[in-house]
Amino acid sequence: MNSLYNHALKQVNALQRDLEKFQTGEDTSVALQGQITATVNAFKRSIDDYDAMAKKEMIDVKREKAFARVTKFREDYDAINRSFAQLKSREEQLSHGRNRAQLLERRQSRVPVEHPYQATSASPYLQQAHAMRERDFAQRTGMQLDDMLHQGKAALDNLYQQKTMLKSTQRKMLDAANTLGLSRNVIQLIERRSSEDKWIFYAGVCVTLLALWAIIHYLT
């Protein structure tokens, strides 16, 4: 559970950094918005996985602490979603404004290209944008791989906990079986002793009767 909790904390910190970039205008690209969306979805899965593991916690103190963490994570998730929605709405409005301004500027000034090299002056910017897209794609892929690895780790931890619970249950069943086996042995010993005592009693009765018969026979 601790590994999944730490992973969820890292996701919260990553989301807060990306939202800060988005809010300050440092990076408002579509790639960053896609990265935030993917991280938000992964954070939601981490919350659900941690909640499921918290419900299986056997110790009351740890279970209550885990539930408190789940509540805090859900509050962070709602706050991040609201902030992201507001930032996207603001960016859409700004983008529409920029597009209208560019359209008006193009209509007002339709100047032909005087030099052929002016048409290729934007190539460095295109290369930079391409490099940024590749970097964002690599970061997003890395985040998704981390999510998959942590989900696998959480599944292994869950299996380990189930294995521990099964071992504990097996140990209790063996103890109960040993206790029942001891009780059965004691009962069998008592029954065998009672049977022996019964035959001893019958033998004593027979000996007594024979002795009385011999006394009566030889004295009369």
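Calculation criteria
- In this convention, every chain numbers its residues from 1, walking through the sequence in written order.
- Given that the model is predicted, a residue must reach a pLDDT of at least 70 before its local features are reported, and side-chain atom pairs must reach 80 or more before they are shown or counted; all residues, however, enter totals for whole chains, interfaces and linings.
- Values shown for side chains rest on all heavy atoms present in the structure; no hydrogens or waters enter the calculation.
- Working definition: helices are DSSP H or I runs of at least four residues, strands are E runs of at least two. Numbering for both runs from the N terminus.
- Helix span, as expected, comes to 1.5 Å for every residue beyond the first.
- A simple rule labels every residue: compare its accessible area, found with a 1.4 Å probe on the protein chains alone, to the largest value its type can have, and call it buried under 20%, exposed over 50%, or partly exposed in between.
- Each salt bridge in this description consists of a side-chain nitrogen of Lys or Arg and a carboxyl oxygen of Asp or Glu lying within 4 Å of one another.
- To form a nonpolar core, buried Ala, Val, Leu, Ile, Met, Phe, Trp, Tyr and Cys residues must be joined to one another through side-chain atoms within 4.5 Å.
- Residue contacts follow a heavy-atom distance rule, with two residues in contact if any of their heavy atoms lie within 4.5 Å.

Asker: Got a minute to help me understand helix α1 (residues 2–24) in this structure?
Answerer: In an α-helix there are 3.6 residues to a turn, and that puts residues three or four apart on one side. In this model α1 runs 33 Å from its N-terminal to its C-terminal C-alpha over 23 residues, within 8% of the 33 Å that 1.5 Å per residue would give. Here α1 has its buried residues at Leu4, Tyr5, His7, Ala8, Gln11, Val12, Ala14, Leu15, Asp18, Leu19 and Phe22. Looking one or two places after α1, you find Gly25, whose phi comes out positive at around 85°.

Asker: I tried to follow the pattern of salt bridges on my own but got confused; where do I start?
Answerer: Two side chains bearing opposite charge may form a pair once their charged atoms approach each other closely. Taken as a whole, this structure holds six salt bridges when the rule is applied. The shortest N-O distance in the salt bridge between Asp48 and Lys44 comes to 3.1 Å. With Asp48 and Lys44 both in helix α2 (residues 30–55) and four residues apart, the pair spans about one turn of that helix. Salt-bridge contacts for Asp48 lead to Arg74; the nearest nitrogen and oxygen are separated by 3.8 Å. With a gap of 26 residues between them, Asp48 in helix α2 and Arg74 in helix α3 (residues 60–108) connect regions that are remote in the sequence. With a relative accessible area of 29%, Arg74 lands in the partly exposed category. What you see here is one network of salt bridges that share partners, running through Lys44, Asp48, Asp51, Lys55 and Arg74.

Asker: Would you mind showing me how to read the nonpolar core here?
Answerer: Nonpolar side chains tend toward joint burial in soluble globular proteins. Core analysis: the largest hydrophobic core is formed by 23 residues, its most contacted members being Ile36, Phe43, Tyr50 and Phe73. Here this core gets eight residues from one element, more than from any other, and that element is α2. Among residues more than four places away in sequence, those in contact with Ile36 are Leu15, Asp18, Leu19, Phe22 and Phe84.

Asker: Teacher, can you tell me more about the environment of Lys88 here?
Answerer: Tracing the sequence through the fold places Lys88 in helix α3. In this structure the C-alpha to C-alpha distance between Lys88 and Phe22, which are 66 residues apart in sequence, comes to 8.8 Å. In contact with Lys88, other than residues within four places in its own chain, are Phe22 and Gln33.

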